[in-house]
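# Results of the structural survey
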Amino acid sequence: LALVLLLPVFPLLIAAYVPSRIRMTVGHPMLLATALWGLAHLMANGTLADLALFGGFAVWAAIDWISAANRPGSGKVRQPVGWTGDAVAVLGGLAIYGLFVAGLHQWLIGVSPL
């Protein structure tokens, strides 16, 4: 279940930097990605240190996302032209996700996600 919850994380991270309909709809895709990342890692890990690290990131992202959504002028995002940004975010994000599952997570972090 954690791997499924992590599926949209990399597309959301890329959407934070690419003008896209994803970014327009979500508003703050990096904060949503961080919250999902934290929740998924909490599901897969159960120590107190994991709770502090991943839970802290998830709670911070959720609070910051709510705060950012309630700021004056937060709804002013320009309309992207076409679906290019969305395609870049989704295809690039899924490619990076595949690399992480295939071995990049093991190499960088030292723990296999599978």
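Helix and strand content of the protein chain: six helices and zero strands. Scanning the protein chain from its N terminus toward the C terminus, one meets helices and strands in the order α-α-α-α-α-α. Based on the C-alpha atoms only, the size of the protein chain along its principal axes is roughly 40 × 30 × 20 Å. Burial status across the protein chain gives 31% buried among its 114 residues. Intrachain contacts of the protein chain at a sequence separation of at least 6 include 65% that bridge at least 24 residues. Here the protein chain has roughly 7,100 Å² of accessible surface; of this, 73% comes from carbon and sulfur atoms.

All right, on to the environment of Ile66 then. Its place among the elements puts Ile66 in helix H5 (residues 48-69). Looking at Ile66, the relative accessible area reads 54%, which means it is exposed.

Next up on the list: the nonpolar core. Ranked by size, the top nonpolar core spans 15 residues in total, and within it Leu6, Val9, Leu12, Ile22, Leu36 and Ala89 carry the most contacts. Where this core is concerned, the elements lending two or more residues are helix H1 (2-6), helix H2 (9-15), helix H4 (29-44) and helix H6 (84-109). Take this core: its biggest share by element is five residues, from H2. Dropping the residues within four chain positions of it, Leu12 is found in contact with Ile22, Val26, Pro29, Met30, Leu32, Ala33 and Leu36.

Now for H4. With 16 residues, H4 should cover 22 Å at 1.5 Å per step; its first-to-last C-alpha distance of 23 Å lies within 8% of that length. Residues of H4 that are buried include every one of Pro29, Leu31, Leu32, Ala33, Thr34, Ala35, Leu36, Gly38, Ala40 and His41, and no others.

This next bit is on the confidence of the model for the protein chain. Considering every residue of the protein chain, the mean pLDDT works out to 84; 92% of them sit at 70 or more. H2 holds the highest mean pLDDT among the elements of the protein chain, 92, whereas helix H3 (residues 21-26) holds the lowest, 84.

Another aspect to go through is the side chain of His105. Tracing the backbone shows His105 in helix H6. Ignoring anything within four residues of it in the chain, the contact list for His105 reads His41, Phe100, Gly110, Val111 and Pro113.

Turning our eyes to something else, we now look at the packing of aromatic side chains. Ring pairs (aromatic) are described by centroid distance and by the angle formed between their planes. The full count for this structure, using the stated rule, is three aromatic pairs. Here Trp37 and Phe54 contribute two aromatic rings whose centre-to-centre distance is 5.1 Å and whose plane-to-plane angle is 75 degrees, an arrangement assigned as edge-to-face. Placement of the pair is Trp37 in helix H4 and Phe54 in helix H5, with a sequence separation of 17 residues. Of the residues examined, Trp37 reaches a relative accessible area of 27% and is grouped as partly exposed. Their ring planes at 80 degrees and their centres at 5.6 Å tell us that Trp37 and Phe57 sit as a pair that is edge-to-face. One end of the pair, Trp37, is in helix H4; the other, Phe57, is in helix H5, and 20 residues separate them in sequence. Among the residues examined, Phe57 registers a relative accessible area of 36% and is labelled partly exposed. Cluster of aromatic residues (ring-pair linked, three or more members): Trp37, Phe54 and Phe57.

Analysis parameters
Residues numbered from 1 in each chain as written. Predicted model: local features only at pLDDT ≥ 70, side-chain atom pairs only at ≥ 80, totals over all residues. Heavy atoms only, no water. Helix = DSSP H or I, 4+ residues; strand = E, 2+ residues; numbered from the N terminus. Buried < 20%, exposed > 50% of the residue type's maximum accessible area, 1.4 Å probe, protein only. Contact = heavy atoms within 4.5 Å. Areas by Shrake-Rupley, 256 points an atom, 1.4 Å probe, with all protein chains shown as cover. Core = buried A, V, L, I, M, F, W, Y, C linked by side-chain atoms within 4.5 Å. Expected span 1.5 Å × (residues − 1). pLDDT = per-residue confidence, 0-100. Phe/Tyr/Trp six-rings, centres within 6.5 Å; stacked < 30°, edge-to-face > 60°.

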